[in-house]
Amino acid sequence: MRDELVEAFAAWRAFSPGGDEGVRVFFAPGRVNLIGEHLDYNGGQVMPAALDLGTWAIVRMRDDGVLRIASTAFGERVTCQIDKLHYDAADDYANYPKGAIWALMTHGVKAKGMDLLFHGNLPNRAGLSSSASVELATLVAQNHLCQANLGLADLARLGQRTENEFVGVNSGIMDQFAVAMGRENNAILLDCDTLQYELVSMDIGNYQLVITNTNKSRGLMDSKYNERRAECEAALADLRKMHPSLRHLAHVQVEEWEDWQSEVTNPVAKRRARHVVTENHRVTLAAQALRAGQIGLFGELMRQSHESLRDDFEVTGRELDALAMAAWSAPGCVGSRMTGAGFGGCTVSLVENESIPAFQEEVSRWYHDEIGIAPSFYVTGIGNGAREVTQEVLD
Ligand code: GLA
């Protein structure tokens, strides 16, 4: 058993005495988005990948309808009745598993009480979907243990419902979809309108994904996120006056945008829309570049994506801009951009294997000079989606 899980099991035994009888283990990864940002709620295309970092859920069913939740990262434990689940700010992280079980029950699944202990190695609130990871670990556990037999894409939708209707965050489907459906060494090219997807191989030779954390907490994130959604909706409403059949902002083609942009009256909404239209086009080009092995072109598109998020969508901020700028000129880096919602969190960079130490040194030095704190680095592989891991963990 890996060392960190030995510790997690010690915490588990203190939390849920009763031996190893009936104990099962599930894992759900975090995700990084390679390109296609703020497009999921605009009906566009995104290209996330599941990480090999994530959240383990150690669980045991109970037959008394009680849900007990603990985490190795947070002190508080939460106990509640499975048929009386509601959001409570005081429950903090435990609202995600509570909400996930609530979402399953609204879908008609007869969920069961359980002891549930989480252990993770993803940084929290860093834009790598730690909350979607907790939701999907819970959903997959209940799905197996209650034999609900739901597919992973359905579980992803229930994860999104958890955020939207239980937690009250108006997010799109990208995070939960990537966390549920991830495939080792592949990115997922997902059409967020139809939920059709294709895997795109990330066997890209001598390059590695390097995630860099600004270590800036994303305080205003939820309100700014909702503000961006509203601005996109305003742009769509303007365009629909002339084009009533337009369903999503991301469905506007770049060539159409040249002629249509004057129909968006508010200059801020116009810039938001320009990001959406050009970013969706970049995703198409990025997928083609990856398939053709044109890593340099892919890296250039990552950079353009960041610039568009900085100048038109305005979700980067000093810290993310400093990291991206540092990466663009650092040794062995072919491309770098912010990933996730923005306003803090992480960048993702593609870096040549042998240059990774020099890359980290250069980015750290630059970031420290600009911002005054140190960034953190995660050199990660692309892993599989949410699943049971009892055998591999307990053997
Ligand atoms: C957050 C949301 C996602 C998506 C990204 C931006 O991660 O949860 O649904 O909108 O921001 O691309």
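Residues numbered from 1 in each chain as written. Predicted model: local features only at pLDDT ≥ 70, side-chain atom pairs only at ≥ 80, totals over all residues. Heavy atoms only, no water.

Enquirer: Just to check I follow, could you spell out the packing of helix α4 (residues 152-167) against helix α5 (residues 174-181) for this structure?
Expert: Geometry of a packed helix pair, given as the angle between the helix axes and the separation of the axes. Axis separation between α4 and α5 bottoms out at 8 Å; the angle between their running directions is 145°. Here the hand of the crossing between α4 and α5 comes out right-handed. Contacts from Leu152, Ala153, Ala156, Gly159, Gln160 and Glu163 in α4 reach Gln176, Phe177, Ala180 and Met181 in α5. Of the residues contributing to the contact of α4 with α5, the split by class is six nonpolar, three polar and one charged. (Axes fitted to C-alpha atoms, helices over the stretch in contact; angles between N-to-C directions. Helix = DSSP H or I, 4+ residues; strand = E, 2+ residues; numbered from the N terminus. Left-handed = near helix turned anticlockwise from the far one by under 90°. Contact = heavy atoms within 4.5 Å. Nonpolar A, V, L, I, M, F, W, Y, C, P; charged D, E, K, R; others polar.)

Enquirer: Teacher, can you tell me more about the pattern of salt bridges here?
Expert: One pass over the structure, following the stated rule, counts 27 salt bridges. One salt bridge connects Arg68 with Asp115, and the closest N-O pair in it is separated by 3.1 Å. Of this pair, Arg68 sits in strand β4 (residues 66-71) while Asp115 sits in strand β6 (residues 114-120), and the two are 47 residues apart along the sequence. Neither residue differs from the other here; Arg68 and Asp115 are each classed as buried. The closest approach of N and O atoms between Glu319 and Lys216, which form a salt bridge, is 3.7 Å. Taken together, the residues span a long stretch of sequence, with Glu319 in helix α10 (residues 318-328) and Lys216 in the loop between β9 (207-213) and α6 (221-242) at a distance of 103 residues. Under the relative-accessibility criterion, Glu319 is labelled buried at 12%. Members of the salt-bridge network, linked through shared partners, are Lys224, Glu227, Arg228, Glu231, Arg271, Arg272 and Glu314. (Salt bridge = Lys/Arg side-chain N within 4 Å of Asp/Glu carboxyl O. Buried < 20%, exposed > 50% of the residue type's maximum accessible area, 1.4 Å probe, protein only.)

Enquirer: Just to check I follow, could you spell out the side chain of His38 for this structure?
Expert: Mapping His38 onto the fold places it in the loop between β1 (24-33) and β2 (45-46). A polar contact is formed between the side chain of His38 and the side chain of Tyr41, at a distance of 2.7 Å. (Polar contact = N/O pair within 3.5 Å; in protein donor to acceptor, adjacent residues only side chain to side chain.)

Enquirer: Where do I start with the domain arrangement of the protein in this structure?
Expert: You'll often see interface size given as the accessible area lost when the parts meet. Segmenting the protein into domains produces domain 1 (3-202 + 383-394) and domain 2 (207-380). Inter-centroid distance (C-alpha atoms) of domain 1 to domain 2 is 26 Å. Interface of domain 1 and domain 2: buried area, both sides summed, is about 3,200 Å²; carbon and sulfur atoms make up 60% of it. When the buried surface of domain 1 facing domain 2 is broken down by residue, Ile35, Glu37 and His38 rank first, second and third, together holding 19% of it. For the interface between domain 1 and domain 2, the tally reads three salt bridges. Notably, a salt bridge pairs Glu198 with Arg291, separated by 2.5 Å at the nearest N-O pair. Across the domain 1-domain 2 interface, the total number found is 19 residue pairs in polar contact (both at pLDDT 80 or more). Elements supplying a minimum of two residues to the side of domain 1 that touches domain 2: β1, β2, β3 (48-61) and β8 (197-201). Among the residues forming the side of domain 1 that touches domain 2, the class breakdown is 16 nonpolar, eleven polar and seven charged. (Domains from an automatic or database assignment. Buried area = accessible area lost by both parts, 1.4 Å probe.)

Enquirer: Explanation requested: the site of the ligand in the structure shown.
Expert: By nearness alone, every residue bordering the ligand is listed as Arg31, Glu37, His38, Asp40, Tyr41, Ser171, Gly172, Met174, Asp175, Tyr225, Gly340 and Ala341. The contact in question runs from an oxygen atom of the ligand to an N or O atom on the side chain of Arg31, over 3.1 Å. A distance of 3.5 Å separates an oxygen atom of the ligand from a polar atom in the backbone of Ala341. A total of 300 Å² of accessible area belongs to the ligand in isolation, and the protein chains cover 93% of it. When residues of the shell around the ligand are assigned to domains, at least three map to each of domain 1 (3-202 + 383-394) and domain 2 (207-380). (Near = heavy atom within 4 Å. Areas by Shrake-Rupley, 256 points an atom, 1.4 Å probe, with all protein chains shown as cover.)

Enquirer: How should I be thinking about unusual backbone geometry in this particular structure?
Expert: Among all residues except glycine, the phi angle is most often negative; among peptide bonds, the trans geometry is most common. Phi at Gln147 is positive, roughly 50°, even though this residue is not glycine. As for its placement among the helices and strands, Gln147 is situated in the loop between α3 (130-145) and α4.

Enquirer: Can you walk me through the sheet that holds strand β13 (residues 387-388) in this structure?
Expert: Strands belonging to one sheet form pairs held by backbone hydrogen bonds; the direction of such a pair is parallel or antiparallel. Pairing is mixed across the open sheet formed by six strands, whose spatial order is β5-β4-β6-β3-β1-β13. Each edge of the open sheet carries a strand with a single partner, namely β5 (78-81) and β13. Pairing between β1 and β3: nine bridges, direction antiparallel. Within the sheet, the bridge partner assigned to Val25 lies in β3 and is Ile58. Where α5 meets the sheet, it contacts β1 and β3, and its direction lies at approximately 130° from that of β1. (Pairing = 2+ DSSP bridges.)

Enquirer: Help me understand the packing of α3 against α5 in this model?
Expert: With their axes 9 Å apart at the nearest point, α3 and α5 run at an angle of 50° to one another. Taken together, the axes of α3 and α5 are oblique relative to one another. The interaxial crossing formed by α3 with α5 has right-handed handedness. Contacts from Ala132, Ser133, Glu135 and Leu136 of α3 reach α5 at Asp175, Gln176, Val179 and Ala180. Partitioned by chemical class, the residues of the contact of α3 with α5 number four nonpolar, two polar and two charged. (Parallel < 35°, antiparallel > 145°, perpendicular 65-115°, else oblique.)

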